[in-house]
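Geometric and topological summary
Residues per chain, in single letters:
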Amino acid sequence: MLIDFVPDARLYPFRSRWFDSSAGRVHYIDEGTGPTLLFCHGAPAWSFLYRHIVKDLRDRYRCVAVDHLGFGLSERPAGFGYTVAEHTAVLGELIDHLRLDEVVLMGHDWGGPIGLGAVVGRADRVRGVVLGNTVFWPVDALANRAFGAIMGSRPLQRRIVERNVLVERVLLAELGRTLTPAEAGHYRAVQPTPEARRGLARMPKEIRAARPLLERLAREVPARLGDKPALLVWGMRDMVFRPKACVPRMRAAFPDLEVVELPHARHFVQEHAPHVIAAAIAKRFP
């Protein structure tokens, strides 16, 4: 299944590009020239989340932002399981296809473990890491495990698929005052039907199902990427990825870490403080 939505060029002024991965057709943008930045979104977003940051940085950097399969304009392929491990493998294929080198990876939400999972075996091609409101280890907090259990339950799975709950009641509930109606429409339009939302529904289940992969990343990220310069951009009002629980562990994994606290931002930091984030990236990785 392909998504036929065409973004408004005034809001998303980028050329759409496509990669035929082994699992399905992946949409991405590749803007500008210079040092490479690779942007990975989480659920229920798509590359549209990074639009302001890409516009700010594409005059100095090569900015690649991907839509994972099942998200944005990418395909909803039959037979794809939409697990974090599968998304990681597809992203690795794209990195190799584009021959990305000296990459600065930015990962947010599930884009953190997906992105880190793709580059941890390609550490020699990584220049640095930017992380925002994400984790790369198993989530043991009771509230987070309960969220995964509830959202993975049959009634909530049905609401995600039939009513687009993750977009309407999670993303847009947080960003309602931040986005224009047209911007909100771009988040809705790429998840237009129940059939299109199968990948979206899978992600809450991964909080528990992806534990083996996250346990591996918890070991391998510090071992293979811990010597890279890193930047943390953190929404301090995020009630899921709480800074007191997450930031110390990030410091332990990345000794050369700079932290930018976003005091008024919640989870979707790219919408709350895009220009601050872009400036921090430019300063950290000139």
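In the block above lies the structure referred to throughout.
Residues numbered from 1 in each chain as written. Predicted model: local features only at pLDDT ≥ 70, side-chain atom pairs only at ≥ 80, totals over all residues. Heavy atoms only, no water.

Looking now at the packing of aromatic side chains. All chains considered together, the criterion is met by 9 aromatic pairs. Relative to Trp46, the ring of Tyr12 lies with its centre 5.2 Å away and its plane at 40 degrees, an arrangement referred to as tilted. One end of the pair, Tyr12, is in the segment before strand 1 (17-20); the other, Trp46, is in the loop between strand 3 (36-40) and helix 1 (51-57), with 34 residues separating them in the sequence. Taking relative accessible area as the criterion, Tyr12 reaches 2% and is therefore assigned buried. Among the aromatic residues, ring-to-ring pairing joins Tyr12, Phe14, Trp46, Phe48 and Tyr187 into one connected group. Here the guanidinium or amino end of Arg51 rests over the ring plane of Phe48, the centre of that ring lying 3.9 Å away. Across the ring face of Phe285, the terminal group of Arg284 is positioned such that the distance to the ring centre comes to 5.9 Å. (Phe/Tyr/Trp six-rings, centres within 6.5 Å; stacked < 30°, edge-to-face > 60°. Helix = DSSP H or I, 4+ residues; strand = E, 2+ residues; numbered from the N terminus. Buried < 20%, exposed > 50% of the residue type's maximum accessible area, 1.4 Å probe, protein only. Lys NZ or Arg CZ within 6 Å of the ring centre and 35° of its normal.)

For the rest of this paragraph, the subject is helix 3 (residues 111-119). Among the 9 residues in helix 3, 9 count as buried, and that is most of the element. Taken residue by residue, helix 3 has Gly111, Gly112, Pro113, Ile114, Gly115, Leu116, Gly117, Ala118 and Val119 as its buried positions. Looking at the buried side of helix 3, the elements it contacts are strand 3, helix 2 (84-98), strand 5 (103-108), strand 6 (126-132) and helix 9 (211-225). (Contact = heavy atoms within 4.5 Å.)

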